[in-house]
Amino acid sequence: MNRKLRRVVMASAALLTAMAQLGAAGDLTAYAYVELTKEAMERKAEGLSQLIAEISSFSGSADAWISREGQLNAGFDGQHEALCANYGVSPEEYLLFYAANEADVESYLDAHPEDRSEIEGLEAQISAALDEFEQLKIDLLELEPLDEEDPLPPGV
């Protein structure tokens, strides 16, 4: 078999394998769940970067920021819905999948430590970006940060 034909056959086999792992008719599998999770986390990190960039350069009022943040978050929600739809599920079905299939997902991640590592790296990136964004928002809105041990104001 010549090299070009061999590459086509190998690529076709890889595509068929990936399609089988994604499942028929958009049903999630552990593989598809992990892929969707990685894509969703990458988009979340990008969204937080966008929020940080916008709030860092924002010069309007606190009310104007709250309105702008709402617009951005609505756009991010729409993107997440579209991403889930690409996998044949709703955002709610995606969230419920792990609870119903935790053992399968964890087995998959145990067998694919590079995926687990990527997810953990994205979690750390998101956590750091969220902390930075929250601090910028506190500064912009001139709020007092919540006390971790007593999250509710006195009398509530």
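Residues numbered from 1 in each chain as written. Predicted model: local features only at pLDDT ≥ 70, side-chain atom pairs only at ≥ 80, totals over all residues. Heavy atoms only, no water.

1. Details of the nonpolar core
Selection criterion: We define the nonpolar core as a collection of buried residues of types Ala, Val, Leu, Ile, Met, Phe, Trp, Tyr and Cys that are connected through side-chain atoms lying within 4.5 Å of one another. For each residue, the accessible area found with a 1.4 Å probe, counting protein chains only, is set against the maximum for its type, and the residue is called buried under 20%, exposed over 50%, and partly exposed in between. Note on conventions: DSSP H or I runs of at least 4 residues are helices, E runs of at least 2 residues are strands, and numbering of each starts at the N terminus.
Grouped together as the largest cluster of nonpolar side chains are 31 residues, with contacts concentrated most on Leu28 and Leu36. Of all the elements in the fold, those that place two or more residues in this core are helix H2 (30-56), helix H3 (62-86), helix H4 (91-111) and helix H5 (113-141).

2. Here's the deal with the confidence of the model for the protein chain
Threshold: What pLDDT expresses is the predictor's confidence in each residue, scored from 0 to 100. Every residue pair with non-hydrogen atoms within 4.5 Å of one another is taken to be in contact.
Considering every residue of the protein chain, the mean pLDDT works out to 82; 74% of them sit at 70 or more. Overall, residues 11-26 carries pLDDT values under 50, and its contacts beyond four positions in sequence, including any with other chains, amount to 14 contacts.

3. Thoughts on the packing of H3 against H5
Put simply, the rule reads: Axis definition: a line fit to C-alpha positions, over the contact stretch in the case of helices; interaxial angles, taken between N-to-C directions, run 0 to 180 degrees. Two helices that cross are described as forming a left-handed crossing if the nearer one is turned anticlockwise from the farther one by less than a right angle, and a right-handed crossing if clockwise. Side-chain classes are defined by residue name, with Ala, Val, Leu, Ile, Met, Phe, Trp, Tyr, Cys and Pro counting as nonpolar, Asp, Glu, Lys and Arg as charged, and the others, Gly among them, as polar.
At a closest axis distance of 9 Å, the pairing of H3 and H5 adopts a crossing angle of 145°. As for how H3 packs across H5, the hand of that crossing is left-handed. Counted together, Ala62, Trp65, Ile66 and Glu69 of H3 and Phe133, Lys137, Leu140 and Leu141 of H5 form the full contact between these two elements. A breakdown of the residues in the contact of H3 with H5 according to their chemical character gives six nonpolar, no polar and two charged.

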